[in-house]
Amino acid sequence: MPLTNYEANKYINDRIKANLYVGLLKEDPGYNGDASSEVTAGEYNRQAITFIDPSTGITQNNADIEYEVASSNWGTIKYVALFDASIEGNLISYSKLNYEREIRSADRYKIPAGFNIFEIR
C-alpha cells in the first residue's frame, strides 16, 4: 500500500531531514546495510547533509557536499549512503551512482546541491 504525499513528507521531515551523514561506498551494502566497503582513508570523513522541505515525498540536498582532497587512492566510488552518525552508526539508506568515479590522490569528491535525492514511494 503506497503512502500518501502527506505521510511521505511527514516521514522525511521526522526522520530524514536532520542529523544525517553521507558516506562513500565501493560496493553494494545490500539490505543488511553492510558498510564494510566504505572509504577508510585517514583524510576521509562522512559529510553532514541537509535537505530542502519535501514535496510529494521527494527531497534533495540543499547545498554542495565536498570531501577533503584525497591524499591516497580511495578506490572506485559506486554507492552513496546515508548514516545516522558521523562515525560508526547505522546505514539507513543507499543508492547506486549513475556514474562510478575512481578517486586517486589529489582528487576531490563533490556532490552538487540537488543531486542527492531521497524519495519515498
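Residues numbered from 1 in each chain as written. Predicted model: local features only at pLDDT ≥ 70, side-chain atom pairs only at ≥ 80, totals over all residues. Heavy atoms only, no water.

1. Topic: the layout of surface pockets
The test is simple: Throughout, the protein atoms alone are placed on a 1 Å grid, and a set of points is a cavity if a 1.4 Å probe fits but cannot get out or a pocket if it is open with protein on both sides within 12 Å along at least five of seven lines; lining residues have an atom within 4 Å of a point. Grid points are joined across faces, edges and corners, and a volume is the space filled by probe spheres set on the points. The helix count covers DSSP runs of H or I at least four residues long, the strand count covers runs of E at least two residues long, and both are numbered beginning at the N terminus. In this classification, the charged set is Asp, Glu, Lys and Arg, the nonpolar set is Ala, Val, Leu, Ile, Met, Phe, Trp, Tyr, Cys and Pro, and all remaining amino acids, among them Gly, are polar.
Roughly 580 Å³ of internal volume is contained in the largest pocket. Lining the largest pocket are 20 residues, with Val80, Ser95, Leu97, Phe115 and Asn116 positioned closest to its centre. Those elements giving two or more residues to the lining of the largest pocket turn out to be β5 (75–83), β6 (91–103), β7 (110–111) and β8 (117–119). Looking at the lining of the largest pocket residue by residue, the class counts come to 12 nonpolar, four polar and four charged.

2. Section: the sheet that holds strand β1 (residues 20–25)
Put simply, the test is: Two strands make a pair as long as DSSP finds a minimum of two bridges between them. Inter-axis angles, ranging from 0 to 180 degrees, are taken between N-to-C directions of lines fitted to C-alpha atoms, where helices are fitted over the stretch in contact.
Ordered in space as β2-β1-β5-β6, the four strands form an open sheet in which the pairing is antiparallel. Where the open sheet ends on each side, the last strands, each with one partner, are β2 (47–49) and β6. Each strand of the sheet is rotated relative to its neighbour by a mean of 35°, with strand direction disregarded. Relative to β5, β1 runs antiparallel, the two sharing five bridges. Following the sheet pairing, valine 22 is matched in β5 by leucine 82.

3. Some words on the pattern of salt bridges
The condition that has to hold: Only one rule defines a salt bridge in this text: a Lys or Arg side-chain nitrogen within 4 Å of an Asp or Glu carboxyl oxygen. Burial classification: accessible surface area is computed with a 1.4 Å probe over protein chains only, and a residue below 20% of its type maximum counts as buried, one above 50% as exposed, and the rest as partly exposed.
The full count for this structure, using the stated rule, is seven salt bridges. With a shortest N-O distance of 3.6 Å, glutamate 27 and lysine 78 are connected by a salt bridge. Of the two residues, glutamate 27 sits in the loop between β1 and β2 while lysine 78 sits in strand β5, which places them 51 residues apart along the sequence. The class of lysine 78 is partly exposed, set by a relative accessible area of 23%.

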